[in-house]
Structure formats: C-alpha cells, structure tokens
Amino acid sequence: MLATDLPPDLPSLDIACLARLMPMFLWVLPSGLIRAVGPTLRKLLPDDPVGMPFFDLFTIRRPAAAPGMAELQRLSGARLHLLLRPPPGTGFRGITVPLAAGQGALVNLSFGIEVADAVRAHHLTDSDFAPTDLTVEMLYLAEAKSAVMQELHELNRRLQQAKAAAEEQALTDTLTGLANRRAMDQAVDRLIADATPFGLMHVDLDFFKQVNDTFGHAAGDAVLQIVARVLRDETRVGDLVARVGGDEFVLILPGIAQTDPLGPVAQRIIARLSEPIDYRGQSCRVSASIGMTVSTLYPRPRPGRLLSDADRALYFSKSQGRARATAYTPDPEEEGEPPQAEADRRMAPAATVTLDTSAPDPGLNVAPRRLTNGAAP
Amino acid sequence: MHGLINRSIQSFLTDTYGPVLWRRVATAARLGFDDFEAMLDYDDALTDAVIDAAASQLRRPRDALLEDLGTYLVSHPNREALRRLLRFGGVSFVDFLHSLDDLPGRGRLAVPDLDLPQLQLSARSDRQFTLACRGPRPGYGHVMVGVLRAMADDYGALALLDHTGTQDGVETITIDLLEPSFAAGRPFALATRGG
C-alpha cells in the first residue's frame, strides 16, 4: 500500500458519533466558551451550556489550575478532578486534549467514586452510559456487595445470639476446664434420680485472697489452674470436679456410701494444695479447708441440703484453723434441719493428722466416723 | 450447596407456605437444625432432601415447586435485592435474555464461591430463543423458567416459556416473546437510596 492511499491523519468525526462514544464530552472553543456537550452531561446541567464559559460551570480541583484556556491547554493529558459549580456540586474525573489549531479543546468526563450518588441525583439510566463504560457494572457490584454485607451482618448477629445461648448452657468453667455449677447441679440431680449413693466434698481454698492481693490476679488464675489439676489428679475418672465459685470447688464421688473413704482423699488434697505453688519465680501459698457429706445420710437426699451440710462442715474446718477436712454427721434423733450451733458442735473433728508440710497451718482434721458431741480426742 | 441457595429455598417455603410448613420440611429432611445460614456451605444432599420433603409435604410435583421457587426469587417483596441485581442485566427483556450468559460470572462477582448454572442463549428468530442450562444439580432449568417468567413480567414483556427436557445434563428452555412491551413493567433505577 502506498502512503498516498492512506486516509488523512485527522479523522473527521460527526458530533453525534462523538456523543455516542463519549456521552459526557465537552467541546470548548479557544475563547473558553462551550461549543457542544454530550447528552448525558447535558442532563446534569441546569441550562443549555452551549455558549457558556466552561469555567463558569466547572472548577478544576486538581491539579491546581487557574481558570482560563491557557491552563486547560497546559493540563492536556493529565488526570483532572473537576467539580460542577451548580448544585449538587457533582464531582468528575476528566481528561482534556487539544483539537486542531483554532478549534480549542475536547474534555471528556466520567463520574468519580461517588458515582452512585450522581446516578441517583440525576436519574441516569443504562442508556446514559457508553456500552464500553463499566459504570453500570460498578453500580451492580456496589449493590451486590451491600446485599452480601447485609447477609453477613445478620449471620454475625445470629452467631452472637447463639454464642450467648451456648454460654448460658455451658457446663465448663472456662478458666480451669472443670465442670461449672450447672454441670454439678445436673450430675447431682441425675445421681439422686438414679438412687446412686455419692459423696460430696466442698473444697474452699485458704489464703487465696492474699495470693490475689499480693501477686495479682494472673497469679491467682495460675493457682486456680494448678488447684484444678490437683483435684482431678486426686479423684477418679468417674468423679466430677466442679468450680462453683471464685476459689470454691465441689467434688461429687459416685458410689461412695460412707464418709470414711473420703477422709484419705481429703487428706491427700490438702497435703498437695499446701505445697507452695511457683508462679513466675514467686512462691504462692494456699491450703484448703474441706467439708464433706454423703447422700446415704439422708432418707430423701436433696441437693440443696447436701450442699448446705457440706458447707457447714467446711465452715467448721475454717473455724478450727483451716487446712482441715470435716465430715458432716447428722443427729440420729433429728429429722428436720438442725439449728446451726448444734450442727457445728456435732461436727467436731475426731482425729487429727499432722502433716509434715510447710502449710501455714499443717493440721488436718478428718472425721471418719459419726460424732455426737464436740469433744476432740 | 451454597447457603444462599439453601436459604432462598427456606425463605420461599416460609414466605409462601408459612413457618409451620418449613419446620415440617426441616424435620422430614432430617436437617438437624432450624435454619439455613446464607453465608455457610452445606452438603448438596441436604438441598435435595429439603426439595423432596417440601414436594411431598405440599403434594406438588418437584418441577412445579422449583418453578414457583424461581418466580418467588424475582417477584416476592422480600427478594427485592435479587430482582434489582437481575435488572442490571439489561434495559429490556431481550437485553436481559442476552445477559444471561454472563449470569454465573455476575454471581461470582458478588459471591465468589457461588456455583450458578452455565447458561447459553441462542436466538431462533428475533422473538424466539432457546436457553441451554447446565446446572451443578438437575432442576435448575425449572427454577430458571420461574425466574424468566417473573423477569418477563418485571420488564412488562409477554413471553411463553417451556422446559422441553434434559439431555446429557443440559436442560433446555424455549422462550417465545409474544410482545416485548406488553405492559409498563416495574420501575428500575440504577442507584437507590442506600444501594
């Protein structure tokens, strides 16, 4: 093909075709007056802009530019950020290129990131955009994203509720991994319903508050975790160890029909808990006071009654100098709830075992047999 | 199966037949839970079990139920978001039909792991079309018939739709456009408040 066969370098373009390619174009004459405008851009303007000065309608925000044709020529090819002066002050991206000598400049605009607002404000439709323009796809994506986000929000809300419900129904103490009070209540109810005899030990740490106050709560938490391990070690697989309060534990031992076998268990627990516990090089010292009872002591065992009797025996251990275990023993002539003072008297210890430990009070009182008065041996 | 699809089936059954029917279906299908979550994944067998259980509880043919599901997805007020997303496909019903090829791609733009049927439209004349639908599970074709029927309504077009059977996993739907602008159709603005 010869060079002379080529079409001229400058294609002449019908304004209507230009409008189809770029429905938001502006043709600005060297005088700064608008000569023609694309149909979509026309929709955004209050009046027919043809013949109006370009800089009366638009401000160039970036790059900084003074109004005037010289500036528009200077910014040729640059990415422009423009604002429409009349309300609602729609923002645009734009580019300007020079036309043939004496014809001025061509400016093409598109919406910025606030495209959805602009489309809404100016009631634009699909046909206002060039078929090559991805604006509609962008609106589709924005809307699809919102719909998916909505679903995710709802999912999160439901998961949050389910989490709260699960916590409500949880059976485990999160710090120690032991059973919690709800799990203990269920276990006791089940044993009573099955008429299975069981022993119940109420374990309360001595001097735990001092550990918390002296070494801080992290040390306190570490001590509780070690206590939990000791309690699990010193009980059988089928026994239930529950943390029922800050430093209070309840042990349920199925198949135990008498208080006698509980004594050595309590003794081992107290001995081990009286050993100093190392927390980051610091020696934390606690011990344990224990109250015990067995379901066979009651014609019709009730969980509340067993717990309060074990608690009373525990209180007795505390009052006797801590680091002791006391077994509850009912008055054989008493049917109902015994008065507090008498109950305490009946729970006097029967035997004292002195342990060779460094516990603050290395005494262990175990009441392996029924007592009817407060006399210590 | 994606939770969005399962959740849509649940919404369809609940909004159309009530929560009691949904609970009966969930029990009969042995779901083991009360509600599908739109943003979780489920075993495909659960979806089939739910559709079978619903068809049996309602004593409706499975295909008819799936078509009702498709209509529901587009026309029920609770599904406005989906109708709008579909309307982005084109300015007229014919435009929309031609955009169906892009539907799985558009679906994945919104939800990357959403497995929608592959759709291929061929024109037999300027008013007669055939849509080939290859879904991840059989039955999508019937859902599509419902969707297309409701979308024709939405655009105000009058069209005859027919599921003409399945061959080699491809379901075929014929679309005869009787009147492209039969009624006014429902309005559609590209951007809505909060959209």
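Calculation notes
- Residues numbered from 1 in each chain as written.
- Chains lettered and ligands numbered in written order.
- Predicted model: local features only at pLDDT ≥ 70, side-chain atom pairs only at ≥ 80, totals over all residues.
- Heavy atoms only, no water.
- Contact = heavy atoms within 4.5 Å.
- Buried area = accessible area lost by both parts, 1.4 Å probe.
- Salt bridge = Lys/Arg side-chain N within 4 Å of Asp/Glu carboxyl O.
- Polar contact = N/O pair within 3.5 Å; in protein donor to acceptor, adjacent residues only side chain to side chain.
- Helix = DSSP H or I, 4+ residues; strand = E, 2+ residues; numbered from the N terminus.
- Nonpolar A, V, L, I, M, F, W, Y, C, P; charged D, E, K, R; others polar.
- Core = buried A, V, L, I, M, F, W, Y, C linked by side-chain atoms within 4.5 Å.
- Buried < 20%, exposed > 50% of the residue type's maximum accessible area, 1.4 Å probe, protein only.
- Domains from an automatic or database assignment.
- Pairing = 2+ DSSP bridges.
- Axes fitted to C-alpha atoms, helices over the stretch in contact; angles between N-to-C directions.
- pLDDT = per-residue confidence, 0-100.

Moving on: the interface of chain B and chain A. Facing the 20 residues of chain B at the interface are 21 residues of chain A. Here chain B and chain A share an interface that buries about 2000 Å² over both sides, 66% of which is from carbon and sulfur atoms. Applying the counting criterion to the chain B and chain A interface returns 3 salt bridges. Residue R158 of chain A pairs with E37 of chain B through a salt bridge whose shortest N-O separation is 2.6 Å. The tally of links from chain B across to chain A stands at 4 residue pairs in polar contact (both at pLDDT 80 or more). For the side of chain B that touches chain A, the secondary structure elements donating two or more residues are α5 (80-87) and α7 (103-110) of chain B. It is α7 of chain B that provides the largest number of residues to the side of chain B that touches chain A, a total of 4 residues. Partitioning the side of chain B that touches chain A into residue classes produces 11 nonpolar, 4 polar and 5 charged.

As a further point, take the nonpolar core. Judged by nonpolar contacts, the single largest core of 58 residues is most densely connected at F93, L148 and I175 of chain B. If one sorts the elements of this core by residue count, helix α8 (residues 140-155) of chain B sits on top with 10 residues. A domain-level breakdown of this core finds at least three residues from each of domain 1 (3-60) and domain 2 (72-179) of chain B. Setting aside anything within four residues of it in sequence, one finds F93 of chain B in contact with L148, M151, A152, Y155, A157, A159, I175 and L177 of chain B. In terms of nonpolar packing, the next biggest core, distinct from the first, is built from 37 residues, L26, L109, A118 and L124 of chain A among them.

Residue and element names in this part refer to chain A. Read from one edge to the other, the open sheet built from 5 strands follows the order β8-β9-β7-β12-β13, with strand pairing classed as mixed. Since the sheet does not close on itself, it has two edges, and those belong to β8 (240-243) and β13 (325-327), each with one partner. Neighbouring strand axes in the sheet, compared pairwise and without regard to direction, differ in orientation by 15° on average. Pairing analysis gives 3 bridges linking strand β12 (residues 287-294) to β13, with the strands arranged parallel. In the strand pairing of β13, M292 is matched with A327. Relative to β12, helix α11 (residues 303-319) is tilted by about 140°, and along the sheet it contacts β7 (198-206), β9 (248-254), β12 and β13.

Residue and element names in this part refer to chain A. Looking at the secondary structure, you find E248 in strand β9. Judged by its relative accessible area of 26%, E248 falls in the partly exposed class. Residues E248 and D204, spaced 44 residues apart in sequence, show a C-alpha to C-alpha distance of 4.6 Å. For E248, the contacting residues outside a window of four places in its chain are H202, V203, D204, A242 and R243. Side chain to side chain, E248 and H202 meet in a polar contact 2.8 Å long.

Residue and element names in this part refer to chain A. Of all residues in chain A, 85% attain a pLDDT of 70 or more, and the chain-wide mean is 84. Within chain A, β9 carries the highest mean pLDDT (97), whereas strand β14 (residues 351-354) carries the lowest (36). The low-confidence segment residues 335-377 (pLDDT under 50) makes 100 contacts with residues lying over four places distant or belonging to another chain.

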